[in-house]
Structures are given as C-alpha cells and as structure tokens.
Amino acid sequence: MESRQSSQSLQSTGSPESAEHRQFRAGVRAWIADNKPAQPDFMLPQSFLEVETEAQFDYLRRWQKQLYEAGYLGFDVPREYGGQGVDSARQSIVQQELGRAGAPFFVNQIALQWVAPTILTYGTEEQKKRLIQPLLSADEIWCQGFSEPGAGSDLASLQTRANAVEGGYRVTGHKVWTTLAHFARWMILLARTDPEADRYGGLSYFLFPMDTDGVVIQPLVKMTGEGGFNQVLFEDAFMPSDSLLGAEGQGWKIAMTTLTFERGAAQSQNRERAAADARALSELVALVRSTMRDGRPVGDDALFRDRLAALWIELEAIRLGARRASVAGLTADHPHALAMMHKVEFSEFRQRLNRLACEVLGPEAMLWLGDANAPDRAEWPRGLMNSYGFTIGGGTSEIQRNIVGERVLGLPKSK
Amino acid sequence: MTAPPSTSNPVSAPVSVEVPAKIPDDFGFTDDHALLRDTARRMMVDRCPLSEVRRLAGDPVGFDPDLYRELAELGWTGLLIDEKYGGAGLDTLSMALILEQTGRALLPGPLWSTIMAALAIDSAGSEEQKQRFLPALARGEAIGALAWSEPGGSWQPDGVNATAGKSPDSDGDGAGYLLDGVKTHVLWADRADVVVAPFVIGDELSLFAIETATTGLAIESENSVDPTRRTARVVFDRVRVPEKARLSAGHAGSWRALHVRGYALLAAETLGAADAILALTRDYACERIQFNRPIGAFQAVKHPLVNVLIAVERARSLVAGAVAGLDGPSGAEISPAVEISARMAKAQATEALNFAADRGIQLHGGFGFTWDCDAHWFFKRALWSAATLGDAIHHRRHLAAYLLGR
Ligand SMILES: Cc1cc2nc3c(=O)[nH]c(=O)nc-3n(C[C@H](O)[C@H](O)[C@H](O)COP(=O)(O)OP(=O)(O)OC[C@H]3O[C@@H](n4cnc5c(N)ncnc54)[C@H](O)[C@@H]3O)c2cc1C
C-alpha cells in the first residue's frame, strides 16, 4: 500500500496565522483606521501612474512617510538600510490591510517595489546605505528611465548614451513615458555605454541624480487629461562614477531583474493588489445593487449577473493564486507561471471590472470628471481609461504573453 | 477601479467578495501529498497512456478491471473512507491530487463514481449500512455509482421526482420500499454493484443504496459522448427494495453536501485533463513546422495557449482553495463559503477544459480533426464534464445569487 499514510502525517505544516501575527494585524488595522487621511478637497489620482499636482503629491508623500515612521513599511528591507528587518508575513499583512481599508497608495511605488530590491541585489554597501532609507520614507522619489521613443517593447534597442568621462559619465538622449520624473530625486537609467558591443552587452544601469544640469523634464498628458508621466531629455548631463549599479555592460541583466519585480515577482505586492481588487469588486457589487434600469434593478438582469459572477471567480483565482505562488508543492506543474502571469491577470481583470461598471451605468457612463451628476464622480470611466496604463506600461499584455509562452510553456521565440 | 485609492468612491457599504473559507496558507499541502501525487502521476503514465485510453474507448467493458484493482490496492478507491471500514482515511486534498492525475490520463473507469457512492453511504448511512458497503467499495471489490440526475436536465440537488413509498411485508421478506422513477446519465451504473440514488418520500428527500442485482431494476446503457465515461439510464418501475436500502441519515442536507464534494473532486479531475491537453497541444506547437518555423512561434498560436495556461492555473488555484475548504473545520457541515469555493472551482475547471480542448483541436489543424489525433478524447471529456454536476453558467448563476444576496 504505497500511498497509504496515517492521517496524522498529513497535518499541515503551515499553520494559520500565528497569535503574534494576528495581534500585529489587529494593530495595523487599528492604526490605519486612526490614521487614514481624510478625503482631500481635490481629486486624487487612481494610482501612482497619475500623480500630477503638488497637492496630490504632498498628500500621498505625507501618507507614505507617516506609515514608514509608524514602523509599517520596509519589511522586505534589512534594518541596517532603514527597513524593519525582513519579515514577509508582516509585509503581506500590512499590504492586505492597506488594500482592504482602501487606504491611499504609496507614491514612491517604483522605488519601493522595484528599485529597492534591485539595489539590494546589485548595489554596493554605500549605495544601499545612501539610497534605501530615504526611498522608504518618501523623502526621495524615484522614476524609471527605460523607455524611449524608439524603444518600447523592444527595450534593448534604446539609444540613450552614457559616455565615460573623468569622474563619471555624460548622458545624452531621450526617455519617454517617465512616470513621476517631475517629482523624482533619482532615476534608474538604462543607457548605452558601449555602442560597439551587441545590443544587450552595450547597456549599463545607473542610479541617476535628477537634480543635474542638462536634464529637461516635459510633462505628457494622458488620455484622461491627467498628467503623471513625462519625457526626459538629457543634454550632456553629468553623473558621478558611483552612479553605476553593478558593472558596465551588466545593464540588461539588472534591468531584467527590475522588470521581474515590476511584473509581479513580489508576492506580498500581489497580495496587496488582490486585496485592493477585492475592494474594487465590492464597489462594483454595490453599484450593481443600487443601479436601476427601466424600473428594475440591474442586478436582476441575468446577463449582468453572469458577468459579475465571472469577475468574482476571476478575483478569487487571483487571490488564491497570490497565496499558492509561495507553496512549492502546488506550483510544481508550471513553476513561475503564477508570478509571470500576474501582470496580465491583474491588469486585464481591472479592465474588465471597470468596463462592466460602465455598462452597468448605462446612459450615465458618458458623464465625465467634473460633471456634478456623474455617478461616483465618473471614477468608473476614468478607471476604465486608466486601466490601459497597466495593460501597456511595464511591458504590454502582448509582450507578457510572449514571455509566458516562451518561458513557462517553452514555446519557440516569436521573431 | 485601479489601485487602492478608493477613498474617492462614495458607494454604499460593500458586501464581502472575499470568500471567507478558512484555509491554511499552504493549503494543507505537505511532503506526503507531493509523494502521493508523484506516485499517482507515474502510475498513470506507466499504466494509462493515451494508447490505452484509445483501446478502452472501443472496449465493450470500457475500462481495465485489473488496473482498477491495482488502484484499489494502492488505496485510491478508499482514500477518503475511514480506516475502520477498510479505507485510508486521508484528506480531500490527497484525493484531489490523485483525481487530477487520473484526469490528466483520462483514466477510463469507475474511480470517481465509486468514491462518490462511498462518500454518500459514509455520510448518510447507518453503522450497519457502512459495514455492509464501504469495505467492499474501498477495497475495489465492488463498484459504486451515484445517480445525480433525472430526465428533464436539472443539475439542482432538489430536482428529484423519483419517489419511494412504504411497501408492507407482502411476500414475507420484511417491510420495504417501492421505488419509482428514472435516473439518467448514471456513470458506470451498468458495471456497478450498488447505485446510490435520491428519492422523494412524502415531502422529504432520502438516499437509497440499491444493489444492482435487485429484481426489476432496469439499467439501460446510454451512448455517452465520452466513451471513457460509460453512462446508463436506471429505470425504477415499482422496484421493491428492503427497508435497509434507505440510508438512515440521507436527508436533503447531506445530498447537497455531496454535491459540493462532487463539484470540487470533479473539478480536480477536469483540471488534470485540461493541463494534459494543454501539454499535448504545446508539444505539437513546438514540433509542427510551417513557413519554416514551429507553429508555436506564431503569436496566433502562442497567445491562445498562454490564455489556456491562465485558465488552467486559475482552475488550479480554485481547486486548491475548494479542497482546502472541504478539509477545513467547516468541511463536514459545508458552509456557504465552502460551497462558493467548490462552485467556483467547478465553473473554472469546466471552462478551462472546454477552452483547452477547443484550442487543442484547432491548433492541431487537419490532424486535430481526425480520429487518429488524441485531442478529441479531451474534447469529449470536456463535454461530459460540463454536462455533469453543472456547467460554468449554472454555477455562475448560483454564485451571483450569493454575491447579490438574491
Ligand atoms: C501609464 C504608463 C506609464 C509608463 N511609465 C513608464 C516609466 O515610468 N518608465 C519607463 O521606462 N516606461 C514607462 N512606460 C512605457 C512602457 O513601458 C511602454 O509604453 C511599453 O513597454 C510599450 O512600449 P511602446 O509604448 O513603445 O509600444 P510599442 O512597443 O510600440 O507597442 C505598440 C503595440 O505593439 C505591440 N507589440 C510590440 N512588439 C510586439 C511583439 N513583439 N509581439 C506582439 N506585439 C507587439 C504592443 O503590445 C503594443 O500593443 C509607461 C507606459 C505607460 C502607458
């Protein structure tokens, strides 16, 4: 009886939340309830991609700093660099509670989620000591200078040059879609140091100080009319030698690390997103329940009910997936699939959710920001439009599908 | 909306969309589960390759009794049954992992039907009834069938019209019941020793365990779309059964609970089949050359396969959640949260297999449309799985009622 085992041996090793973590969660929840900032009298951005005005920025920066000072931020960063010491369970708890409470997001998202782990992996001791703490506290904001007008999906074709000079490098080139550049103290900059080398080997990764002469930041306007991203022109801008992260020519490899974090390698981040998504679905359910069409509740319409249930299934799969990803035994069939699929999954879920909301609104979906009669202040059509920021930014859904197809399913490369 | 800034969204108090099933962070998965799964996987690869499925699809019996006995010896048939009735007393997760492997192999045979019949007797039977049936079912000496449906096409647990009436002791063999009605699509009924079926008695629902040798019972084989799943119509026309055939605690509650277990376990099997047809199609996409490259290099081939993967992985997460819920503290009672999880798993697994099989046929091209290509076995299993215990629309209809509170 090869497969028979005593039932005792099947006791799960991963206990439900420990008493200590339960207590921690209760503390976080209470703290958020006491400290969550009041709704301001100006419009908040829907995500870190759309932070436009000083007022929005100050509000969000203050919130991140407050959370950091309360000791609830930085559970993935060792104490010597200003973090709380690595404790991923606590990190998850904080993220879940923030998502659940509908608390404002962290403005320094790029720094927290993908710059910090990249520097922790490749940085020198000095770089870690200098740069990590102020990014946690939101004293120093980061932006990402990867994309260029001619290099989006095909990132390795980028042309921005960083030429080695006495004591450092001089940068000339053109970055675009640079989220938060207008508030940033630093940029992770991918630039070409060796034009003779192949398209990958010629790239280097820099931690570029934005307060340098020769940097011009021009805001770009999104389809919603909101700002948040920019183009950044470099005209012979100088940076010191210690701006280099890793070694010259190692840029592509480091950039791939950054992109892996950006696209969902951090499970705690994915769990936070799932909590926020759950909140968004709750709001949609409330909308369905309160919306009437032709004298009858929209919620009585079988077509809407079916699509709502489909979204619910999708959400639950994403929520469970974010947990399952850290159980090796339950990912054996397609290791890494969950992490690599994550970006496509959450971004397309949000798109479908906002789309359904607009359909629930029916005729009222046409009312836009600023119209006094717009349901939910036009957050749904705005959310629908902004959802494309996530299906395009950080690697488009099409590129993500190429990657998943090739890396997870082992399909041949599309050339 | 995007991201968490929903402070700006003034709507009424949201209902909970976070399914509150209490499950451990690791879903209860242990090294023992890994071992069990790997053993089952190897066993299926060795003993039930697709060539064997193909052979059995044309076989009059429809499965390999020797293999079935071996599986029983490994403990699979009695996995969920208490040790005191000859079972292994393991958890639902163990069972689900094994069914995923048998689903992957499209194993023909009465494993799932026997497991479900045994679960019915286990949850609703008296001590005497359990002693009578469970050891034989657990050891693979007897085959069980469970009658889920009746003519008229309902997946509802309460869609039962068959009746049982008290029958006095007329011919000296004690009091009993007279059963009337028709049960359809009863999996492996024509091979079974015992069929468990619900009947209305007065205004109550009651489960009966009926030996197929019972006089007057008519079992008419159906022509199932999936030849690896033989089904039959079981006709009761004043069939007399002894009093002890009525499962003592077989009330509507346990019949519904059995459905919920059925959703989760069938979802596990369906998930396995979906992952297998994905693998088959993926392999073909790597091998088949057109326009001087493997067809998998074309994004019109690659991206749909990624979408299949997403559907399969979602099903895997939902099955893991549903199964962990069943193994949790409320498992025996079946809380609404567990029911919700199981319905989600069934809906998603059904969709995943349908979609995987759909792309499986299409992406094999002309070969995919032939009898010689194995893709169609999965397509047929997909049709059978969707038609059994509710398709995705059916479960979404119920889920919406939970979500909207009406
Ligand atoms: C809101 C937002 C914020 C952003 N923030 C930043 C930032 O902070 N820093 C930064 O560096 N970049 C940022 N980006 C840029 C983003 O990474 C790029 O927009 C993205 O990688 C796509 O590049 P592209 O815009 O040049 O589109 P293109 O690459 O020109 O793509 C156009 C279309 O073609 C498709 N396509 C291209 N190649 C393929 C292929 N091989 N197979 C299939 N389809 C293909 C794409 O999927 C897309 O649909 C941001 C973008 C957005 C929308």
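Peer 1: Give a detailed account of the overall build of chain A, specifying residues and quantitative values.
Peer 2: When helices and strands are tallied, chain A shows 11 helices and 10 strands. A compact globule built from 415 residues should have a C-alpha radius of gyration of about 22 Å, and chain A, at 23 Å, falls within 12% of that. Principal-axis analysis of the C-alpha atoms gives chain A an extent of 70 × 70 × 50 Å. Scored against the burial criterion, the 415 residues of chain A give a buried share of 59%. In chain A, the share of contacts with a sequence separation of at least 24, taken over all contacts with a separation of at least 6, comes to 71%. Accessible surface, chain A: about 16,500 Å² in total, of which carbon and sulfur atoms supply 52%.

Peer 1: Break down the site of the ligand for me, citing the residues and quoting the values.
Peer 2: The local shell around the ligand holds 19 residues, among which Gln144, Ser153, Trp177, Thr396 and Glu398 of chain A are the closest. With respect to the ligand, its neighbouring residues span chains A and B. Trp177 of chain A is positioned such that a nitrogen or oxygen atom in its backbone is 2.8 Å from a nitrogen atom of the ligand. The separation between a nitrogen atom of the ligand and a polar side-chain atom of Thr179 of chain A is 2.8 Å. Here the ligand has 970 Å² of accessible area as a free molecule, and 68% of this is covered by the chains. Elements supplying a minimum of two residues to the shell around the ligand: α10 (379-392) and α11 (397-408) of chain A. In terms of residues, the shell around the ligand owes the most to one element, α11 of chain A, which gives 3 residues. Grouping the amino acids of the shell around the ligand by side-chain chemistry returns 6 nonpolar, 12 polar and 1 charged.

Peer 1: So, the domain arrangement of chain B: which residues are in play, and what are the values?
Peer 2: Residues and elements named next belong to chain B. With domains assigned, chain B is organised as domain 1 (31-141), domain 2 (146-245) and domain 3 (252-403). Put simply, the middle of domain 2 and the middle of domain 3, counted by C-alpha atoms, are 30 Å apart. Counting from both sides, the interface comprises 18 residues of domain 2 and, opposite them, 20 residues of domain 3. Summed over both sides, the interface of domain 2 with domain 3 buries roughly 1,800 Å², with 69% coming from carbon and sulfur. Looking only at domain 2, the three residues that lose the most surface to domain 3 are Trp148, Trp155 and Arg229, adding up to 43% of its buried area. There are 2 salt bridges connecting domain 2 and domain 3. Residues belonging to the side of domain 2 that touches domain 3 are distributed by class as follows: 12 nonpolar, 4 polar and 2 charged.

Peer 1: Pulling in residues and values, what's your account of unusual backbone geometry?
Peer 2: Residues and elements named next belong to chain A. Here the phi dihedral of Asp294 falls at roughly 50°; this positive angle occurs in a residue that is not glycine. Along the chain, the position of Asp294 falls in the loop between β9 (292-293) and β10 (296-297). A relative accessible area of 76% places Asp294 in the exposed class. Here the phi dihedral of Ala378 falls at roughly 65°; this positive angle occurs in a residue that is not glycine. On the basis of relative accessible area, Ala378 is assigned to the buried category, the value being 1%.

Peer 1: Which residues make up the interface of chain B and chain A, and what values go with them?
Peer 2: Accessible area lost during the coming together of the parts is what is often quoted as the interface size. On the side of chain A, 92 residues touch chain B, which itself brings 82 residues to the contact. The junction of chain B with chain A conceals about 7,900 Å² of combined surface from both sides, 60% of it contributed by carbon and sulfur atoms. Taken together, chain B and chain A are joined by 10 salt bridges. Among the ionic pairs, Arg41 of chain B bridges to Asp333 of chain A, the shortest N-O distance being 3.1 Å. In this assembly, chain B and chain A are joined by 25 residue pairs in polar contact (both at pLDDT 80 or more). Among the elements of the structure, α1 (31-47), α4 (92-104), α7 (252-287), β9 (293-294), α8 (299-327), α9 (336-363) and α12 (392-404) of chain B are those that each provide at least two residues to the side of chain B that touches chain A. With 15 residues, α8 of chain B is the largest single contributor of residues to the side of chain B that touches chain A.

Peer 1: Lay out the pairing of strand β5 (residues 204-211) of chain B in plain terms, naming residues and giving numbers.
Peer 2: All names here are of chain B. Burial analysis of β5 places 6 of its 8 residues in the buried class, which makes it a mostly covered element. By the bridge criterion, 8 bridges tie strand β4 (residues 194-201) to β5 in an arrangement that is antiparallel. The residue bridging Val196 from the neighbouring strand is Ala209, located in β5. Between β4 and β5, which pair antiparallel and follow one another directly, the connecting turn spans 2 residues, one of which, Gly202, has a positive phi of 65°.

Thresholds applied
Residues numbered from 1 in each chain as written. Chains lettered and ligands numbered in written order. Predicted model: local features only at pLDDT ≥ 70, side-chain atom pairs only at ≥ 80, totals over all residues. Heavy atoms only, no water. Helix = DSSP H or I, 4+ residues; strand = E, 2+ residues; numbered from the N terminus. Rg over C-alpha atoms; globule rule 2.2 N^0.38 Å. Buried < 20%, exposed > 50% of the residue type's maximum accessible area, 1.4 Å probe, protein only. Contact = heavy atoms within 4.5 Å. Areas by Shrake-Rupley, 256 points an atom, 1.4 Å probe, with all protein chains shown as cover. Near = heavy atom within 4 Å. Polar contact = N/O pair within 3.5 Å; in protein donor to acceptor, adjacent residues only side chain to side chain. Nonpolar A, V, L, I, M, F, W, Y, C, P; charged D, E, K, R; others polar. Domains from an automatic or database assignment. Buried area = accessible area lost by both parts, 1.4 Å probe. Salt bridge = Lys/Arg side-chain N within 4 Å of Asp/Glu carboxyl O. Pairing = 2+ DSSP bridges.

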